[in-house]
Amino acid sequence: MLHFVIARTEACPNLRTVMSLPHSSLPDEGRIAVVLRSPSLFIRETLAGVITALALIPEVISFSVVAGVDPKVSLIASVVLCLALSVLGGRPAMVTAAAGSVALVIGPMVHQHGVQYILPAVIMAGGIQILFGALGMARLMRFIPQSVMTGFVNALGILIFFAQVPHFWSRSPLIVGLFVLTLLIVLWVPRYIKSIPSPLIAIVVLTLFTVTTGQILPTVGDEGSMSGGLPGLTQLLVPLNLDTLSIIWPCALSIAFVGLLESLLTAKLVDELTVTPSGKRRESIGLGIGNIMAGLYGGIAGCAMIGQTIVNVEMGKGRSRISTLAAGIVLLVLVTALSEVMAKIPMAVLAGIMAIVAIKTFSWHSIQPATVKGAPIAETVVMLITVAATVSTGNLAIGVLGGIIVMAILPARIKRRHELTSEKSSPAQEK
């Protein structure tokens with residue numbers, strides 16, 4: 001889908017103007033009032049939220065291990081972020097939760113100084129993000145080259161897929177069989193059943209099968225604690241002095257800018273996928289407020305999660321804030337009242353769904369021989385370096401910054417060569 005949109009926007013500049021239209025020009029299916037008046041649209045948005053919530057669980061739990069916090073902390077923070085950004089965010093249908101990129105930043109501080117420093121670091125990061133949005137600096141995102149954006153998307157597809165490999169690469173025929181069955185259900189059922197998202201059907205049917213047959217295999221409950229109930233407000237356990245500031249400020253700056261970068265890049269991607277506009281300034285301010293709220297009630301920051309956003313937008317066909325609001329509510333119910341039910345979902349099933357997400361995320365158009373041959377060398381090099389840097393570090397921010405730096409260094413020599421090639425070919429065409 002992404003490569004189709006990119007190809008269309010390159011061939012037809014009029015599509016770019018659609019993305020810059022005011023919010024009043026949004027398609028009807030993206031407006032909350034229209035969704036609430038249409039039972040079919042409301043059901044579609046709600047079901048999209050259900051499968052998005054289920055897709056969030058394993059990744060959020062695994063990210064909590066990276067950050068060095070209890071899984072319940074990350075899950076509750078994800079509920080707060082998802083609900084807050086459903087109202088405050090500038091990009092409808094984009095999913096925000098406790099993400100891996102932020103966990104990678106928080107982890108070293110937690111391991112060195114302790115979890116008590118997360119709260120002040122997250123609050124400081126949220127303040128920076130609000131300031132970033134208030135000053136209108138989110139507009140700088142428009143200067144990120146398309147080749148860096150394509151590299152970002154391709155690297156993310158690779159990272160999502162390889163994160164699923166441990167959950168289905170097994171000698172157990174049952175685990176492999178569940179993974180394959182999930183793929184078949186998700187890909188083939190939509191041909192016959194369009195009213196219910198196929199990933200939801202796969203989760204329900206295959207979970208019921210494993211539970212009723214008494215099969216023993218890795219489940220969501222094996223990934224972390226699934227105890228029910230809600231935590232209280234996060235307590236401030238460190239003094240607010242210069243020593244604390246010296247510990248938290250590097251982490252806070254990293255949280256702020258990594259979160260902003262991933263959220264605004266994801267918003268830009270969804271703009272292209274849905275051919276609809278979004279408010280980047282509002283998204284930045286909303287992310288800052290959401291992170292402060294998550295820090296006070298949950299204890300960890302987050303940002304947009306592109307894999308779960310693709311689940312919502314592509315698989316669930318979510319287009320409005322109703323879908324992400326439903327995802328937050330469903331996740332809250334799962335974490336509290338239905339934690340035991342959630343714990344029985346086989347990891348192989350969720351891995352199958354996320355593997356398809358990875359395949360849909362990757363821009364296959366960008367690596368086709370005709371595309372590579374026709375594109376400037378600089379763009380191909382920048383795309384590959386962005387992918388390599390992101391995959392090798394596991395950090396999307398490093399990959400994107402690396403791609404931008406390389407784009408700034410390469411063009412002078414390589415673009416000149418491309419222009420000379422174009423000039424040589426043009427006289428022949430005129431004859």
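Residues numbered from 1 in each chain as written. Predicted model: local features only at pLDDT ≥ 70, side-chain atom pairs only at ≥ 80, totals over all residues. Heavy atoms only, no water.

Per an unreviewed UniProt entry, the chain is named SulP family inorganic anion transporter, and its organism is Enterobacter soli. Reading the Subcellular location (unreviewed entry) entry of the UniProt record for the chain gives the comment "Membrane". (UniProt positions renumbered as here; feature names shortened; annotations may be inferred.)

K.L.:
I tried to follow the overall build of the chain on my own but got confused; where do I start?
P.N.:
A count of helical and extended segments in the chain gives 20 helices and two strands. Per-residue burial over the chain gives 53% buried out of 431 residues. Across the chain, every contact between residues at least 6 apart in sequence was considered, and the portion connecting residues at least 24 apart equals 85%. (Helix = DSSP H or I, 4+ residues; strand = E, 2+ residues; numbered from the N terminus. Buried < 20%, exposed > 50% of the residue type's maximum accessible area, 1.4 Å probe, protein only. Contact = heavy atoms within 4.5 Å.)

K.L.:
Help me understand a nonpolar patch on the surface, please; the structure alone is not making it clear to me.
P.N.:
A grouping of V176, V180, L181, L184, L187, W188, Y192, I193 and I196 is seen on the molecular surface, where their side chains present a nonpolar patch of about 840 Å² in accessible area. Topologically, V180 is positioned in helix α9 (residues 173-188). (Patch = residues over 30% accessible without salt bridge, like charges linked within 9 Å, V, L, I, M, F, W, Y side chains within 5 Å. Areas by Shrake-Rupley, 256 points an atom, 1.4 Å probe, with all protein chains shown as cover. Salt bridge = Lys/Arg side-chain N within 4 Å of Asp/Glu carboxyl O.)

K.L.:
Can you walk me through the packing of α9 against helix α10 (residues 198-212) in this structure?
P.N.:
In helix packing, the relevant descriptors are the interaxial angle and the interaxial distance, both defined with respect to the helix axes. Where α9 meets α10, the axes come as close as 9 Å, and the angle between the chain directions of the two elements is 150°. Regarding the angle of α9 to α10, the classification is roughly antiparallel. Crossing of α9 against α10: the hand is right-handed. Residues L174, L178, L181, T182, I185 and V186 of α9 form the contact with α10, whose participating residues are S198, P199, I201, A202, L206, F209 and T210. Split by residue class, the contact of α9 with α10 holds ten nonpolar, three polar and no charged. (Axes fitted to C-alpha atoms, helices over the stretch in contact; angles between N-to-C directions. Parallel < 35°, antiparallel > 145°, perpendicular 65-115°, else oblique. Left-handed = near helix turned anticlockwise from the far one by under 90°. Nonpolar A, V, L, I, M, F, W, Y, C, P; charged D, E, K, R; others polar.)

K.L.:
Sorry if this is basic, but what is going on with helix α14 (residues 321-336) here?
P.N.:
Between its first and last C-alpha, α14 extends 23 Å over 16 residues, near the 22 Å set by a 1.5 Å rise per residue. Residues of α14 that are buried include every one of R321, I322, S323, T324, A326, A327, G328, V330, L331, L334 and V335, and no others. Two to three positions downstream of the cap, the backbone nitrogen of I322 sits 3.2 Å from a side-chain oxygen, assigning the N-cap of α14 to S320. (Expected span 1.5 Å × (residues − 1). Polar contact = N/O pair within 3.5 Å; in protein donor to acceptor, adjacent residues only side chain to side chain.)

K.L.:
Quick question: what am I supposed to make of the pattern of salt bridges here?
P.N.:
Side chains that carry opposite charge are capable of pairing whenever their charged atoms lie near each other. One pass over the full model with this rule turns up three salt bridges. The shortest N-O distance in the salt bridge between R44 and E45 comes to 3.3 Å. Residue classification places E45 among the buried positions, given a relative accessible area of 0%. For the salt bridge of D271 with K280, the shortest nitrogen-to-oxygen distance reads 2.6 Å.

K.L.:
Just checking my understanding: could you explain the packing of aromatic side chains for this structure?
P.N.:
The description of an aromatic ring pair uses the distance of the two centres, along with the angle that the planes make with each other. Enumeration according to the criterion identifies five aromatic pairs in this entry. Ring geometry for F161 versus F162: centroids 5.6 Å apart, planes at 85°, classification edge-to-face. Taking the relative accessible area as the measure of exposure, F161 reaches 28% and is therefore partly exposed. (Phe/Tyr/Trp six-rings, centres within 6.5 Å; stacked < 30°, edge-to-face > 60°.)

K.L.:
So what exactly am I meant to see when it comes to the side chain of S284 here?
P.N.:
If you trace the backbone, S284 turns up in helix α12 (residues 280-296). Assessed through its relative accessible area of 0%, S284 is described here as buried. Residue contacts for S284: discarding those within four places in its chain leaves Q129, I130, F132, G133, A138, L260 and L264.

K.L.:
Got a minute to help me understand the packing of helix α5 (residues 71-88) against α14 in this structure?
P.N.:
The contact between α5 and α14 brings their axes to 8 Å, and the two run at 155°. With respect to their mutual orientation, α5 and α14 come out roughly antiparallel. Once α5 is placed against α14, the crossing between them reads as left-handed. In contact with K72, L75, I76, S78, V79, C82, L83, L85, S86 and V87 of α5, α14 contributes R321, T324, L325, A327, G328, I329, L331, L332 and V335. Of the residues belonging to the contact of α5 with α14, the class tally is 13 nonpolar, four polar and two charged.

K.L.:
Looking at this model, I keep getting lost on the side chain of T274. Mind explaining?
P.N.:
Here T274 shows up in helix α11 (residues 242-274). Separated by 2.7 Å, the side chain of T274 and the backbone oxygen of V270 make a polar contact.

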